[in-house]
Amino acid sequence: MVRGGAMSEEPDKPDAKEQVKAAGVQIGGAAIQGAVQGAAVGGAAGAAAGAAKSAAVAAARNPGVRKLIYVLIGAVIVIALCMGVGMVAGAASLVTAVVGTADQNTEYAIADDDVSSDVVKKAEAAASRYTLPKELIISITLANDAYDIGGLSDRLDAADPERKIRDLRTGSVSSSSEMARTIPESGPGADEAKKVRELYVDAMAAGGFSEPQSDRIYEIALRWALGNTLDPEQEACLSGAAASADGADVQINGSTWTAGQVANMQVVIGMAKTMFPDDARAAATIALITVRQESNFRNYANDGVLNGASDPNPGPFGAEDYAHLMYSLKLPHDAVGSDHSSLGLLQQQATMGWGDYQQSTWAGGDYEAVITRLMTPAYTVGKFLTKLSAVIDWRTMEPGKVAQRIQVSAYPDAYAKHVALADEIWRLYGGSSPALAVPESTGWNGATFEDGPQTAGVCAGSPVLIDGEFSWPIEMREDGTPAGYVTSHFGMRLLNGAPNYHSGVDLSGNGYGSDIYAVAAGTVVKSNLWSNACGEYIQIAHPDGTATGYLHMTDRLVNVGDKVVAGQLIAHMGGGQPGGCTFGAHLHLYAFDQQGTRIDALPYLAQRGMVFPPERDIASN
C-alpha cells in the first residue's frame, strides 16, 4: 500500500533458511514471554496456555513458516509443565534479550499500518536529533509535515527539563493474551500515563495544533508505542492525513493527483459535511464531479484578457472590466485560464454575480473582493452547495443532472462520467476530511462564520472548538453536576421483554417541564412534532459538522433557521404521553457524527468535557 505519497522500498529478502531461523527466534521468544505471563496468572497450566497463545500471535506475523509453531509450542509447553513456574519465570530476561519485545511490537504496528518508509526514515532522523519518540514524530508528520519539531523539543525541555516523563509507554502493563501493552483504566499506572499525555498534548497545542488535534495525534502515537495497530477510525484519519503529507503525488482511480488537488478534494468533502450533515456523501459527490469537470481540482486564476472569439457576449463588461481579473494572479492559484470571467475551482463567473456579497459586487466596482472570494476554495464550494440546496429534488436526481442544473454547462453530459472517481475520493477521504466552517459571504442560511482563516479538527469525530463553549442539555444541580439520571443507554436493550435498538441516550433531568438546552452553538435544522405520543423534536447542526437532536419535549422555543448558542433554552421536558412511545419524563438525546450517522451521545458529550457521574447512571445498575 502507498502511504505518505511514497512507495515503501522492499528490502532484500533473506533465503528460506534465514527466514525460518529468524522466525523461530521470534516465535520462541513470544512463546516464552507468554509462558511467563501465563504462569503469573495460572501456574504451570497458565504458562502452557500463555506460551501457546503468544506463539500463535508471533507465528501469525510469519505466515510462511507457520509449521514451526507446532514444534516450538510443544517444546515450550513441555518445559513449562515439567520444570515448573520458577524456571519459566527465570526466562523473562531471555525474552527481552532475544526479542526486544516492546520495540519490536512498535515496529510491527507501524509496519502493519503501512506508513511509508520515507516518513519513517525522516521521523527516525528527527527522533535521534531531538531525543523524542519516533512514533510521535511520525504521527505529527502525517498531520502536518511542516510542524516545527525543534520548537516542540524546546517546549518539552522547558516543561520537563530532567526528561522524567517522556516515555510514551509509561504506566503501561503487559497483557497475557496479546503481544501489545495497555494503559490501565485506573491506578498509579493510569495516573502516570496521564501526566505523559498532558505533557505532549500541551506542548503540541502551544505550537499550532488545536488541543483536540494534539490529543488525536498523541493517541495514534501511543497506540504504536504500545504495539497496537490503529482502529478503523484512526486508520482512516492516518490514510487521509498521510496521502499528501510530504507533498508527493498520489494515485486515485488510476490517475495521478498532486497534494494540492487532494487538498481541494478534501475542502469539497469538508464543506459538504458542514452544510449537509445528513446527506454529506450525496452532496459531496455532486460537488466533486463538478469540480473535476470544471477545473480538475485546480484553483484557476484568470489572465484578464477579453478574447472576442471565445467570449463574443461579455454582456455590459468590456476589456477594461476583464482586465481587473488579473488581480487573481496575485492570489494563491494552481493554474491560469482565460475562459470568460471564470475563476476558482468551479470556474464561476465573476461578472455574473457568483462572487457578490451584499453591497460588495462586481457591478458596484468591488472587483478585488469579488475575485478574492472566488479564489477561496471554501467560498467557491460553499457557494455551489448553497445553490444545490435550492434544487428541491437533488437527492433523488442523478448527480450529473444536478450538477448541470446548477452550472448550465455547454456540455451537460460531462459531469456523470466522474461519479466513479467521486466514489473513490469519498472512500479515501470521507472519514478523515474534517468538516469546515462555511464563509458567511456564501449566503448560506445554516451555520456560517466571518470570512477568514478557519479551524478544523484532524479527523472525523474530533470536535472543532469554534467558541470553546458547550453546555449540558439538561438542568444542573447545585453541586454543578447534571440533574437526574441516565435511564437508558445507546444500543441494544430489552423493552417490555423484547430486544430493542435504542439510537439515543435517555436523561431524566429534573423531570416533566424542566428546561432543555442546546449543547453547542449552531443552526436549527429541524423543529417539528415527532408524533402525539413521542412529543416535539428539535435538531441542531453544529459548526464542526456534527448535530444533536432533542426528543420528547412539550414545546419548541426555536424554529428552523434560528441560530442558537450553547446553553440556550430551546424547549421543556415532556414524556409519558399516551400512546406508549415513552414511559416517564425524560430527554431522548441524539448525537450525529459528520456523516449524519447516529452515535452514542455520552462519548459525544464526554469529548466536549461533559462526563455524566457514574452514581447517576441507573441504566447500568
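Residues numbered from 1 in each chain as written. Predicted model: local features only at pLDDT ≥ 70, side-chain atom pairs only at ≥ 80, totals over all residues. Heavy atoms only, no water.

Q: Sorry, what's going on with the side chain of Thr351 here?
A: If you trace the backbone, Thr351 turns up in the loop between strand 8 (348-349) and helix 14 (367-374). Look at Thr351 and you get buried, because its relative accessible area is 11%. A polar contact of 2.9 Å, which involves the side chain of Thr351, links it to the side chain of Ser341. (Helix = DSSP H or I, 4+ residues; strand = E, 2+ residues; numbered from the N terminus. Buried < 20%, exposed > 50% of the residue type's maximum accessible area, 1.4 Å probe, protein only. Polar contact = N/O pair within 3.5 Å; in protein donor to acceptor, adjacent residues only side chain to side chain.)

Q: I would appreciate a short explanation of a nonpolar patch on the surface in the present structure.
A: A contiguous nonpolar surface patch, about 240 Å² in accessible area, is contributed by Met326, Leu329 and Val336. Mapped onto the fold, Met326 is located in the loop between helix 13 (319-323) and strand 6 (335-337). With a relative accessible area of 41%, Met326 lands in the partly exposed category. (Patch = residues over 30% accessible without salt bridge, like charges linked within 9 Å, V, L, I, M, F, W, Y side chains within 5 Å. Areas by Shrake-Rupley, 256 points an atom, 1.4 Å probe, with all protein chains shown as cover. Salt bridge = Lys/Arg side-chain N within 4 Å of Asp/Glu carboxyl O.)

Q: Got a minute to help me understand the pattern of salt bridges in this structure?
A: Any two side chains of opposite charge can pair, on the condition that their charged atoms come close. The tally for this structure, following the rule as stated, stands at 12 salt bridges. Between Glu124 and Lys134 there is a salt bridge whose closest N-O contact spans 3.4 Å. Here Glu124, found in helix 5 (residues 117-130), pairs with Lys134, found in helix 6 (residues 134-143); they are 10 residues apart in sequence, far enough to count as distant. We note a salt bridge from Glu424 to Arg427, for which the minimum N-O separation is 2.8 Å. Of this pair, Glu424 and Arg427 both sit in helix 17 (residues 419-429), separated by 3 residues, roughly a single helical turn. When its relative accessible area of 56% is taken as the criterion, Arg427 is described as exposed. Each of Asp157, Asp160, Arg163 and Arg166 takes part in one network of salt bridges that share partners.

Q: What is the right way to look at the packing of aromatic side chains in this model?
A: The way to describe two aromatic rings as a pair is by their centre distance and the angle between their planes. Enumeration over the complete set of coordinates arrives at 8 aromatic pairs. An angle of 80 degrees between the planes, with centres 5.7 Å apart, marks the rings of Trp257 and Phe297 as edge-to-face. You can see Trp257 sitting in strand 4 (residues 255-257) and its partner Phe297 sitting in the loop between helix 12 (280-295) and strand 5 (300-302), a full 40 residues away along the chain. For Phe297, a relative accessible area of 1% puts it in the buried group. Relative to Tyr590, the ring of Trp530 has its centre 6.2 Å away and its plane inclined at 20 degrees; by these criteria the two rings are stacked. Note that Trp530 is positioned in strand 16 (residues 522-531) and Tyr590 in strand 21 (residues 587-592), a separation of 60 residues in sequence. (Phe/Tyr/Trp six-rings, centres within 6.5 Å; stacked < 30°, edge-to-face > 60°.)

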